[in-house]
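Each chain, written out:
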Amino acid sequence: MAASASAPATSYAAYDRTTSRWGRITMTMGLLISWAGPAYLLFFSGIEIPLSTIVTAFLAVAAVFAVLAVVEPLTYYPVLGPAAMYQAFMIGNIANKLLPSAIVAQAAIDAKPGTRRSELAAVMAICGAAVVHIFSLLIFVGVLGTWLVSIVPESITEVAQLYIFPAIIGAVIVQLAAYVKQPRITVIALAVGAVVQLLLVPVMGPMFRNFATAVVVLLTMVLAWVLRNRKTLHAGPGDEALL
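Residues numbered from 1 in each chain as written. Predicted model: local features only at pLDDT ≥ 70, side-chain atom pairs only at ≥ 80, totals over all residues. Heavy atoms only, no water.

## Side note on the overall build of the protein chain
And step 1. The helix and strand tally for the protein chain stands at nine helices and zero strands.
And step 2. Secondary structure elements of the protein chain occur, N-terminal to C-terminal, as α-α-α-α-α-α-α-α-α.
And step 3. Overall, the protein chain is about 70 × 45 × 45 Å in size when its C-alpha atoms are taken along their principal axes.
And step 4. Taken over 243 residues, the protein chain has a buried fraction of 22%.
And step 5. For the protein chain, long-range pairs separated by at least 24 residues make up 68% of all intrachain contacts whose partners lie at least 6 apart in sequence.
And step 6. Surface summary for the protein chain: the accessible area is close to 16,400 Å², and the carbon and sulfur share equals 75%.
And step 7. Here the protein chain contributes 13 positive and 9 negative side-chain charges, whose respective centroids are spaced 14 Å apart. (Helix = DSSP H or I, 4+ residues; strand = E, 2+ residues; numbered from the N terminus. Buried < 20%, exposed > 50% of the residue type's maximum accessible area, 1.4 Å probe, protein only. Contact = heavy atoms within 4.5 Å. Areas by Shrake-Rupley, 256 points an atom, 1.4 Å probe, with all protein chains shown as cover. Lys, Arg positive; Asp, Glu negative; His and termini not counted. Charge placed at Lys NZ, Arg CZ, Asp CG, Glu CD.)

This is the structure we're talking about:
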């Protein structure tokens, strides 16, 4: 009986080691490939780019994305888990595609956040989302892209550019609130976001706007911890099971 009970845990431990090893390898390969183009232009193309220009461009980009490099892993990890995090950051479009897919899959099987069931559901959901994305790109961009752009009125394109992304993010927020089922944390997050965006950003100026997301996330985490429900929550039966 003990041996049969430990088999899922042993299998999951092996799975975790494998995904961690190959996740690091593939992420390193992706990083090197992403550097290949700029490195070629810098060292082999004959284009003379002053070092001051490179440093200025790097600092301009880092001012925004260095914050996201800290905030996004902290934000996504509790929902996705380690294996799906490697997938998500390699594929991209996390907030508007992969995260909603994972949440829907986890809700469909009633998997609680942070459990093995939720992590495996996130992995499979991201695989499905990636496959759908690739085939949709092949059809609607590769095959029909030019034709669709030619027949869509410019006014519709402008409306889509303005409202589609906010609509997607809004739906993701609603999904997260329904999935986590923590009204207190939801209210805290909404209040902090409103205060930062409506009060602090106009007062602090454009420079603060680059760090507003990080401030909202960190303040929400701190306040959610301080004001959390002290009642101990117990995971339901089978939440740690692999199947």
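Now that the structure is up, let's keep going.
## Examining the packing of aromatic side chains
And step 1. Using the criterion set out here, one finds three aromatic pairs in the structure.
And step 2. Their ring planes at 45 degrees and their centres at 5.5 Å tell us that Tyr 12 and Tyr 15 sit as a pair that is tilted. One end of the pair, Tyr 12, and the other, Tyr 15, are both in helix H1 (residues 2-43), three residues apart, so they sit about a helical turn from each other.
And step 3. The exposure class assigned to Tyr 12 is buried, which follows from its relative accessible area of 11%.
And step 4. Exposure remark for Tyr 15: the relative accessible area of 25% places this residue in the partly exposed category.
And step 5. Ring geometry for Tyr 76 versus Phe 89: centroids 6.2 Å apart, planes at 50 degrees, classification tilted.
And step 6. We classify Tyr 76 as buried; its relative accessible area is 8%. (Phe/Tyr/Trp six-rings, centres within 6.5 Å; stacked < 30°, edge-to-face > 60°.)

## Considering helix H7 (residues 183-204)
In an α-helix, one turn spans 3.6 residues, which is why side chains three or four residues apart end up on the same side.
And step 1. Taking 1.5 Å of rise per residue, 22 residues should cover 32 Å, and H7 covers 30 Å from first to last C-alpha, within 8% of that figure.
And step 2. Where H7 bends most, the angle comes to about 30 degrees, and this point is Val 196.
And step 3. Buried residues of H7: Ile 188, Val 192, Gly 193, Val 196 and Val 201, and no others.
And step 4. Gly 205 sits one or two residues past H7 and shows a positive phi near 100 degrees. (Expected span 1.5 Å × (residues − 1). Bend = angle between axes of the 7 residues up to and from the residue.)

## With respect to the environment of Ala 129
And step 1. In this structure, Ala 129 sits in helix H4 (residues 116-143).
And step 2. Using a relative accessible area of 11% as the deciding quantity, one classes Ala 129 as buried.
And step 3. Residues Ala 129 and Thr 19, spaced 110 residues apart in sequence, show a C-alpha to C-alpha distance of 19 Å.

## Some details on the nonpolar core
And step 1. Residues Leu 80, Ile 94 and Leu 99 are the most contacted members of the largest nonpolar core, which totals 17 residues.
And step 2. Counting residues per element, the ones that place at least two in this core are helix H2 (51-91), helix H3 (94-108) and H4.
And step 3. Top contributing element to this core by residue count: H2, with seven residues.
And step 4. When near neighbours in sequence (up to four residues on either side) are disregarded, Ile 94 contacts Tyr 76, Leu 80, Ala 88, Phe 89, Leu 99 and Pro 100.
And step 5. In this structure, Val 192, Val 196, Phe 208 and Val 216 belong to the second largest nonpolar core, which totals seven residues. (Core = buried A, V, L, I, M, F, W, Y, C linked by side-chain atoms within 4.5 Å.)

These results come straight from atomic positions and should not be treated as a statement about function.
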